[in-house]
Each structure stands twice: as C-alpha cells, then as structure tokens.
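# Understanding the architecture of this molecule
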Amino acid sequence: MPLIAIDELSDPRLVDFAHLTDVALKKARGTEHGLYIAESALVLERALRAGHIPRSVLALGNTADEALAVLGDYAAEVPVFVGPGEMLADLTGYILHRGLIASMNRPALPSADTLLAGARRIVILENVSDPTNVGAIFRSAGAIGADAILVTPRCSDPFYRRAIRVSMGTVLQVPWTRVGDWTDTRALLTRHGFHLAALALTPDAVSLRDFDGTSHERLALLLGAEGEGLTPEALAASDSVVQIPMKHGIDSLNVAAASAVAMWALSGERSAGIRSPAGGHAPAERA
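What counts, and at which threshold
- Residues numbered from 1 in each chain as written.
- Predicted model: local features only at pLDDT ≥ 70, side-chain atom pairs only at ≥ 80, totals over all residues.
- Heavy atoms only, no water.
- Pairing = 2+ DSSP bridges.
- Helix = DSSP H or I, 4+ residues; strand = E, 2+ residues; numbered from the N terminus.
- Contact = heavy atoms within 4.5 Å.
- Axes fitted to C-alpha atoms, helices over the stretch in contact; angles between N-to-C directions.
- Buried < 20%, exposed > 50% of the residue type's maximum accessible area, 1.4 Å probe, protein only.
- Arc of directions from axis to C-beta.
- 1 Å grid on protein atoms, 1.4 Å probe; cavity = no way out; pocket = protein on both sides within 12 Å on 5 of 7 lines; lining within 4 Å.
- Points joined across faces, edges and corners; volume = space filled by probe spheres on them.
- Nonpolar A, V, L, I, M, F, W, Y, C, P; charged D, E, K, R; others polar.

### Here we look at the sheet that holds strand S4 (residues 80-83)
Taken together, the five strands give an open sheet; going across it, the order is S1-S4-S3-S5-S2, and neighbouring strands pair in mixed fashion. A strand with exactly one partner marks an edge of an open sheet, and here the two such strands are strand S1 (4-5) and strand S2 (35-39). Bridge count for strand S3 (residues 54-60) against strand S5 (residues 100-105) is five bridges, and the pairing is antiparallel. Bridging from a neighbouring strand, Val 57 pairs with Ala 102 of S5. Sheet strands in contact with helix H2 (residues 41-49) are S2, S3 and S5, and its direction is about 20 degrees off that of S5. Contacts from helix H3 (residues 64-71) reach S3, S4 and S5, with the element oriented near 155 degrees to S3.

### Let's talk about helix H4 (residues 85-92)
Where H4 is concerned, the buried positions are Leu 88, Ala 89, Leu 91 and Thr 92. The arc that holds the buried residues of H4, viewed along the axis, is 160 degrees, so those residues lie on one side. Of the surrounding elements, those touching the buried residues of H4 are S3, S4 and S5.

### Side note on the layout of surface pockets
Approximately 240 Å³ is the volume found for the second largest pocket. Lining the second largest pocket we find 17 residues, and of these Leu 20, Thr 21, Asp 22, Tyr 94 and Arg 161 sit closest to its centre. Ranked by the residues each element gives to the lining of the second largest pocket, the list is headed by helix H7 (residues 161-166), at three residues. Each residue belonging to the lining of the second largest pocket can be placed in one class, and the counts come to eight nonpolar, four polar and five charged.

### Observations concerning helix H10 (residues 255-265)
Helical periodicity: at 3.6 residues per turn, an α-helix aligns residues three or four positions apart in one direction. Every buried residue of H10 is accounted for by Val 255, Ala 256, Ala 258, Ser 259, Ala 262, Met 263 and Ala 265. At its buried positions, H10 is contacted by strand S6 (121-126), helix H6 (131-144), strand S9 (195-199) and strand S11 (219-224).

### A word on the sheet that holds S9
Strand order across the open sheet formed by seven strands is S8-S7-S6-S11-S9-S12-S10, with parallel pairing between neighbours. What marks the edges here is a single partner per strand, and that holds for strand S8 (176-178) and strand S10 (206-207). Summarising the sheet, S10 and strand S12 (residues 240-243) pair through two bridges and their orientation is parallel. Each bridged residue has a counterpart across the sheet, and for Val 206 the counterpart in S12 is Val 242. In this fold helix H8 (residues 182-191) packs onto S6, strand S7 (148-151), S9 and S11, with an angle of close to 175 degrees to the strand it touches most, S6. Along the sheet, H10 makes contact with S6, S9 and S11, crossing S11 at roughly 165 degrees.

Bear in mind that shape data such as this cannot, by itself, settle questions of function.
As structure tokens, this is what we get:
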C-alpha cells in the first residue's frame, strides 16, 4: 500500500491516533479486543515478532521508509500515514520523538492455566496502578528471566502506552494475563505447584539473603502497590514473606526497583557467598 500523506486531521482513518486515551483505545469499536499504541520502530518490531497484528501506522516523513521496512509483509495492506511533526503532534496530543507510532490490535489474553503450565518463575502484581512502574517491572522481568506475569483486576493495564514505552516493548514479549480474586488465584497457584513469596515489610518477613528460592521448583514473587502495599488477602494467600535488607534507615524501595532486586535474588543466579552467616534465621513459612 502506498504511503498516505495527511491533508486533513479530520480524516476518519486517523481516528486511532486522535487524542484517544488508553481506555478509549481498549474499548475501540469495531475491534475484537481493543487497540493499543506501539511507539517507535523497535516496539513495533517487537509487537510483530510477538504475533500482534497492526492496524495502521503514523509516521514522520523521514521515518516512513523505516516504517515500511519494519512492517515487512504487512506493508502491502497496512496504511502508513505520513505528515510533518507539528501536524502529527496536533493530531495525537504529543510529539512523536521516536518517529512513528502504530495502532495495534490487542491480542486475546491467554488463560492463566495455559500460561503457568510450563512456567517456573513468575511475578504477580497486585494493584500496581502506575503504568510507569508496571512497564519497568516488565522490563526487569524480561531481562532477569521471569516466565510469566499475572496481574490483578485493579492493576494498571500493561498495554497502556506509558507502560509499553517504559518497558521498551517488553510487555509484548513477557507472557501475561489477568487473574481474579485471591481465592481463585491461590487455587491456581496450588494447582500448578507454586510457592508464593510476598515482598512486604511484616514482622515475620525474612531477608532475601536467608530465603533459598532454589529450593522451590516453582516460585511466584508477589509485589504490591507503593504506599498501600499488599492487601491482607494477598498476605494470607502467601506461603512466605520476604524483604530486601537495607541500610541507613531506609525501609523500602520503589516497587519497580524492588522487583528487579528480588527477582534476581530469587532467580538462582546469585552466588552462595552472599547468604547470611551461620545463625541467621530460616525462612518463615505461612500456613
């Protein structure tokens, strides 16, 4: 399909890009599961590699050829709209710093059972409402090697534009899905043999130095929202509670930073030399 120069911002074919919020995109009419926006050629490439289907592309004039190259076989059927930066900023409400954005069809989310069937290390996000934190956690999970991520109903949508941007497209690579209440989620984890370790500041929390994540064949790391922390229901569903040992009177980290530290500590990659000396307490197991 030839490049389409933008003459009028009122062109109905540009509706996907016209100041639409993440919520509006998710509920877009005429789609099966809604839409999301992929910013930059890199993120578009990762989306295509994940099997996601593009609907249209909006590109600055000097990135049009790059957009066609990334689209590959889709270039023959997916419209690529081209225009100057100022006009595209008027259309979208923001500057296209990365040269292009793409409107993508949201894929159907897999079932949690399917996702966990072959997983060994997973992350669960409870009520993490900031999409920046969600994106950063996904990026850490992808880099350190989590097999899947589960998100609770009140957690920010990983397909929101900011989450995708912060994650550099990792939310399109790490398998994820939503789960329901803790009764069902606990049953799900039990069914698949997962030990649930909650990251929280509780009196019985065990230092990550003392918790041997390698002793559990299947391990789930549970992270909660900043400020509120994990709900009582989440803590009650957990098998262990762990915390990151810190100095200088600091008691917590940003949840995205804490996720990277905890995931690495529980990944089995750490050296045995950083474990606590003899006399350290054993992990606290919850009933």
